[in-house]
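Take a look at the letters that make up each chain.
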Amino acid sequence: MTGADGDRQAERDAVLTALTGCVPYNRHLGVRFDRLGDELTARLPFREGLIGNPLLPAIHGGVTGSFLEITGVMQLAWDRVLEVMRAGGDDAAAIGAGRFPPFPKTIDITIDYLRSGRPRETFARATVQKAGRRVAHVHVEAWQESRARPIAMLRGNFLMPGEG
Amino acid sequence: MSTDDQRPGAANPPDRLMGLASETDPDGTLIEALPFSREIGMRLHRAEASVAVLSVPYDAALVGEPDSGVLHGGVITALLDTACGWSVMTTGAPIAGVATLDLRIDYMRPATVGETVYARAECYRLTRSVGFARAIAYHAETEADPVATAQGAFMLERTAKGT
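Scoring rules and cut-offs
Residues numbered from 1 in each chain as written. Chains lettered and ligands numbered in written order. Predicted model: local features only at pLDDT ≥ 70, side-chain atom pairs only at ≥ 80, totals over all residues. Heavy atoms only, no water. Helix = DSSP H or I, 4+ residues; strand = E, 2+ residues; numbered from the N terminus. Contact = heavy atoms within 4.5 Å. Pairing = 2+ DSSP bridges. Salt bridge = Lys/Arg side-chain N within 4 Å of Asp/Glu carboxyl O. Buried < 20%, exposed > 50% of the residue type's maximum accessible area, 1.4 Å probe, protein only. Core = buried A, V, L, I, M, F, W, Y, C linked by side-chain atoms within 4.5 Å. Expected span 1.5 Å × (residues − 1). Arc of directions from axis to C-beta. Axes fitted to C-alpha atoms, helices over the stretch in contact; angles between N-to-C directions. Buried area = accessible area lost by both parts, 1.4 Å probe. Polar contact = N/O pair within 3.5 Å; in protein donor to acceptor, adjacent residues only side chain to side chain.

Trainee: Looking at this model, I keep getting lost on the side chain of Thr20(A). Mind explaining?
Mentor: With respect to the helices, strands and loops of the structure, Thr20(A) is situated in helix α1 (residues 3-21). Setting aside residues no more than four positions away along its own chain, Thr20(A) makes contact with Asn26(A), Val31(A), Phe33(A) and Met74(A).

Next up, the structure:
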């Protein structure tokens, strides 16, 4: 990795951390993102406060659902941020200063729960199936010990900001 | 208070809804036993005859849009999921617990900043293995203008006696 590329990667990691952290609910749950190229992996470290069923114990279905929705919204927001940063200019400078474009708004989501969330770290990745001008369609999968054994999946439609 | 009086909505101002909270769940113990529900301040106002009414108070820590201060959709998801599950639990069937199979949520409008969000769920069909529930999320003064609606299927964990 060249020095210049290293600086650019470090800057993008810093912008991603700032974008994630500017949403209070992301901080509340403790959601973080790892970045490899343009692919994000969301991480939700386990803590006692996320439990919904103390007897199993299992992570609250609402927490898993929230985590999937956050992953989808953040992937769309990050794609937009990358686009603006690559274009450069005033908008890119604004992002560098921590002022981000508006987030997409959820229109509808469908969540399928396949397995109960055990008391351990959960991961998720989103795939943008269609990035329309007005609406984006996104699939998200969450897993724990094995990517091939997802604990929950989400399909959702999101209204993209700033377009007619 | 008659049963009819317990239906929340435009006719019931928020203070009476809070009164219901102390009647149905005096110490908040039913919900307090669940760590995440406790963490976001969820309350159970009513759970009987296939209907459950729950709420989450506004909290700046649960905001999804930093500029507007609107609650994150995930908070509404957690509320609707829990409300639907409780409505299935109160059908009178011998159920030890429920597990969400799927949940579909439509977001009609952003929740109003600073206001408590209520969810009213109804289990409208129960089979041997599955409970089907639907719910709306709303503010106390504007039940007719919902924040979101939900529909879901819940697997039943039967008690030994009911198996």
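Trainee: Can you help me understand the pairing of strand β8 (residues 148-158) of chain B in this one?
Mentor: Regular strands place their side chains on alternate faces of the sheet. Residue and element names in this part refer to chain B. Relative to β8, strand β5 (residues 95-107) runs antiparallel, the two sharing 11 bridges. Across the sheet, residue Val 98 finds its bridge partner in β8, namely Leu 156. Relative to β8, strand β7 (residues 130-138) is paired through 8 bridges, and the arrangement is antiparallel. Residue pairing in the sheet places Phe 132 in a bridge with Ala 153 of β8.

Trainee: Would you take a moment to explain the pattern of salt bridges for this structure?
Mentor: Side chains that differ in charge, positive against negative, can pair when their charged atoms come close. Going through the model one piece at a time under the given rule, you end up with 15 salt bridges over all chains. Two residues, Arg35(A) and Asp13(A), come together in a salt bridge whose shortest N-O distance is 2.8 Å. Taken together, the positions of Arg35(A) in strand β1 (residues 32-36) and Asp13(A) in helix α1 put the pair 22 residues apart, joining distant regions of the chain. Note on Arg35(A): relative accessible area 16%, which makes it buried. Among the salt bridges present, the one from Lys105(A) reaches Glu65(B), with a minimum N-O distance of 3.2 Å. One end of the pair, Lys105(A), is in strand β5 (residues 105-113); the other, Glu65(B), is in strand β3 (residues 63-65), on a second chain. By relative accessible area, Glu65(B) is classed as partly exposed at 24%.

Trainee: Hey, could you run me through the nonpolar core in this one?
Mentor: As a rule of thumb, nonpolar side chains are buried together in soluble globular proteins. Membership of the largest hydrophobic core comes to 80 residues, with the highest contact counts inside it found for Leu29(A), Leu54(B) and Leu80(B). When residues of this core are assigned to their parent elements, the largest contribution, 13 residues, is made by helix α3 (residues 61-87) of chain A. Once residues lying within four places of it in the same chain are set aside, the contact partners of Leu80(B) are Ile105(B), Ala119(B), Ala135(B), Ile136(B), Ala137(B), Ala148(B) and Ala150(B).

Trainee: Explanation requested: the environment of Arg12(A) in the structure shown.
Mentor: Position of Arg12(A) among the secondary structure elements: in helix α1. Taking the C-alpha atoms as reference points, Arg12(A) and Met85(A), separated by 73 residues in sequence, lie 9.1 Å from one another.

Trainee: I keep staring at α1(A) and nothing clicks. Help me out?
Mentor: Because each turn of an α-helix spans 3.6 residues, side chains separated by three or four positions end up pointing in the same direction. Residue and element names in this part refer to chain A. Taking 1.5 Å as the rise per residue, α1 with 19 residues should run 27 Å; its terminal C-alpha atoms sit 27 Å apart, in good agreement. Restricting attention to buried positions, one finds in α1 the residues Arg 12, Val 15, Leu 16, Leu 19 and Thr 20. End-on, the buried residues of α1 take up no more than an arc of 135°, which puts them together on one face. What points out from α1, more than 90 degrees from its buried face, is the exposed set Gly 3, Asp 7 and Thr 17.

Trainee: Can you walk me through the sheet that holds β5(A) in this structure?
Mentor: Think of a sheet as strands paired side by side through backbone hydrogen bonds, with each pair either parallel or antiparallel. Read across the open sheet, the 12 strands follow the order β1(A)-β2(A)-β6(A)-β7(A)-β8(A)-β5(A)-β5(B)-β8(B)-β7(B)-β6(B)-β2(B)-β1(B); overall the sheet is antiparallel. If you trace the sheet from one side to the other, it starts and ends with β1 of chain A together with β1 (43-48) of chain B, each paired once. Between one strand and the next, the sheet's axes are offset by a mean angle of 25°, whatever the strand orientation. When strand β2 (residues 51-56) of chain B meets strand β6 (residues 117-126) of chain B, the two strands line up antiparallel, connected through 6 bridges. Each residue of the ladder has a partner; that of Leu54(B), found in β6(B), is Ala119(B). Packed onto the sheet, α3(A) meets β1, β2 (39-44), β5, β6 (122-131), β7 (135-143) and β8 (150-159) of chain A together with β5 of chain B and runs at close to 50° relative to β6(A). Contacting β5 of chain A together with β1, β2, β5, β6, β7 and β8 of chain B, helix α4 (residues 73-89) of chain B crosses the sheet at an angle of about 140° to β5(B).

Trainee: What is the right way to read the interface of chain A and chain B from this model?
Mentor: Each side of the interface is counted separately: chain A has 32 residues, and chain B has 30 residues. Across the interface of chain A and chain B, roughly 2,400 Å² is buried in total on both sides, 57% from carbon and sulfur atoms. Its largest share of buried area at the contact with chain B, chain A owes to Tyr25(A), His60(A) and Tyr113(A), together 23% of the area lost on that side. Summed over the shared surface of chain A and chain B, the number is 3 salt bridges. Between Arg104(B) and Asp108(A) there is a salt bridge, with its nearest N and O atoms 3.5 Å apart. Summed over the shared surface of chain A and chain B, the number is 13 residue pairs in polar contact (both at pLDDT 80 or more). Looking at the side of chain A that touches chain B, the elements that each hand over two or more residues are α2 (24-29), β3 (51-53), α3 and β5 of chain A. For the side of chain A that touches chain B, the element with the most residues is β5(A), which contributes 9 residues.

No statement about biological role is implied by the geometric values presented.
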